[in-house]
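Understanding the architecture of this molecule
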Amino acid sequence: KQWYQRRVRGSENISSYIDEHFVLWPFDLTQKRLQSEALDECQNVFGLEARREMERRVPDMLPMLIIITKVKGSPQVFRIFNGEINPDMLMAQLVDAVENYNQTRSIERAAELEQEQRSILREQQEQEYRDSLQRDRERDELKKREEKEQQLRSQTEEAKLSSFADLVPDEPATGADITFKLPSGERINRKFPPSTQLKILSYFIGSKGFPPSGHKLVQNFPKRQFEEDELELTLEDLGLTRREILYVEEKD
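Reading the values: rules and limits
Residue positions are counted from 1 within each chain, in the order its sequence is given. Residue-level local features of this predicted model are given only where pLDDT is at least 70; pairs of side-chain atoms are given and counted only at 80 or more, and the full residue set underlies all totals for whole chains, interfaces and linings. No hydrogens and no water enter the side-chain calculation; it runs on all heavy atoms of the structure. Strands here are runs of E lasting at least two residues and helices are runs of H or I lasting at least four, both read from the DSSP assignment and numbered beginning at the N terminus. Should any heavy atoms of two residues lie within 4.5 Å, those residues are considered in contact. Shrake-Rupley sampling with a 1.4 Å probe provides the accessible areas, and residues are treated as covered by the protein chains on show and by no other component. Lining residues are those with an atom within 4 Å of a point, where the points come from a 1 Å grid over the protein atoms alone and group into cavities, where a 1.4 Å probe fits but cannot get out, or pockets, open sets with protein on both sides within 12 Å along at least five of seven lines. Grid points are joined across faces, edges and corners, and a volume is the space filled by probe spheres set on the points. Ten residue types, Ala, Val, Leu, Ile, Met, Phe, Trp, Tyr, Cys and Pro, are classed as nonpolar, four, Asp, Glu, Lys and Arg, as charged, and the remainder, Gly among them, as polar. Every helix has an expected span of 1.5 Å times one less than the residues it contains. Categorising residues by exposure relies on relative accessible area from a 1.4 Å probe, with only protein chains included: less than 20% of the type maximum marks a residue as buried, more than 50% marks it as exposed, and the intermediate range marks it as partly exposed. Here the arc refers to the directions that run from the helix axis out to each C-beta atom. The rule for pairing is simple: two strands pair if DSSP sees at least two bridges between them. Each residue carries a pLDDT value, the predictor's own confidence for that position, ranging from 0 to 100. Each aromatic pair joins two rings of Phe, Tyr and Trp (for Trp, the six-membered one) with centres within 6.5 Å, and gets the label stacked for planes under 30 degrees apart, edge-to-face for over 60, and tilted for any other angle. Here, a charge over a ring means that NZ of Lys or CZ of Arg falls within 6 Å of the ring centre while also lying within 35 degrees of the ring normal.

A look at the overall build of the protein
Secondary structure assignment for the protein yields seven helices and seven strands. In sequence order, the protein lays out its α and β elements as α-α-α-α-β-β-α-β-β-α-β-β-α-β. For the protein, restricting intrachain contacts to residue pairs at least 6 apart in sequence, the fraction spanning at least 24 positions comes to 52%. Accessible surface, the protein as shown: approximately 17,000 Å² in total, 48% of it carbon and sulfur.

See the structure below:
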């Protein structure tokens, strides 16, 4: 205690430096019982290495000052001073301990930052990979859905075309020779009996992909657009009994 008061607290510089950078943990090691308690407490707080260092020196090398610093998260014995150490030497060792700790902590912090950056980068890469997989799944699902919708539409259109075709009677050997000019410019020629109703011609072009709901028949010479109320009339009623050209146009 006298050594502590004289060497440590007796110097204002040393005392202030210790108060600023260290945590003091004094032990009374003058008795066996106190030594045992101190060793147990030292091991609990600072680990087995600190206990062994004390055991090697107690009680023959008292008074004693042990400087313990943390390295990689674990306390380690940095310096041990025995007996009447020179105040200047003690101050120098205290400064050296702090500088060593700061340097070690700086290296550890740099390693921690690098590890954090690697972890962040790895997480970003993993997230990008997961996002890429998710986009691929969504793209595949969209493609499958579009293909299914297209298949359903195709089946619906085929069913419509088949339904229209079922309503059109077989082509006769002779009859009104009708040429249909489609919006694409393609021409389709077919014969119909003069008794055929105009709506059958609408069903015929419907079987070719131009349903009556969206298309109409137009005659250019003379200019004539066939109306809904004429669909029940026959070709003979309408004067379409010879070679005729009818234009298939979209309804307005």
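Describing the layout of surface pockets
Computed from the structure, the second largest pocket encloses a volume of approximately 230 Å³. S202, H215, E228, L231 and K251 are, among the 15 residues lining the second largest pocket, the residues nearest its centre. Elements that contribute at least two residues to the lining of the second largest pocket include exactly α6 (198-207) and β5 (215-219). Here the lining of the second largest pocket takes five residues from α6, the largest share from any one element. Across the lining of the second largest pocket, the residue classes tally to seven nonpolar, three polar and five charged.

What to know about helix α3 (residues 32-46)
Taking 1.5 Å of rise per residue, 15 residues should cover 21 Å, and α3 covers 20 Å from first to last C-alpha, within 8% of that figure. Here α3 has its buried residues at L34, Q35, A38, L39 and C42. Along the axis of α3, the buried positions cluster into a sector of 135°, meaning they face one direction only. Turned more than 90 degrees from where α3 packs its buried face, R33 and N44 sit exposed. Taken from the residues just after α3, G47 is the one with a positive phi, measuring 105°.

Focus on the pairing of β5
Of all five residues in β5, five are buried, a share of seventy percent or more. Side chains H215, L217 and Q219 of β5 all project onto a buried face; the interleaved residues K216 and V218 project onto the opposite face, where all are buried too. The pairing of β5 with strand β7 (residues 243-250) spans four bridges and is antiparallel. Along β7, the bridge assignment pairs K216 with E249. Pairing geometry for β5 and strand β6 (residues 224-225), over two bridges, is antiparallel. Paired with V218 across the bridge in β6 is Q225. The turn joining β5 and β6, which pair antiparallel and follow one another in sequence, is formed by four residues.

Comments concerning the sheet that holds β6
Strand order in the open sheet formed by five strands is β4-β3-β7-β5-β6, and the pairing between neighbours is mixed. The sheet terminates laterally at β4 (187-192) and β6, the two strands that pair on one side only.

Comments concerning the confidence of the model for the protein
Within the protein, residue pLDDT values average 82, and 87% of them lie at 70 or more. When pLDDT is averaged over each helix and strand of the protein, the minimum, 58, is found for helix α1 (residues 2-8) and the maximum, 96, for strand β3 (residues 176-181).

Structural notes on the packing of aromatic side chains
Across all of its chains, the model carries four aromatic pairs by this definition. For the ring pair F164 and Y203, a centre distance of 6.2 Å and an interplane angle of 25° mean the geometry is stacked. With F164 in helix α5 (residues 87-166) and Y203 in helix α6, this residue pair connects regions lying 39 residues apart in the sequence. A residue is classified by how much of its surface remains accessible, and F164, at 17% relative accessible area, is buried. Overall, the relative accessible area of 22% leaves Y203 in the partly exposed class. Between F180 and F204, the ring centres sit 5.2 Å apart and the planes meet at 35°, which makes this aromatic pair tilted. Of this pair, F180 sits in strand β3 while F204 sits in helix α6, placing them 24 residues apart in sequence. Overall, the relative accessible area of 6% leaves F204 in the buried class. Above the face of the F192 ring, R190 is positioned so that its terminal group lies 4.8 Å from the ring centre.

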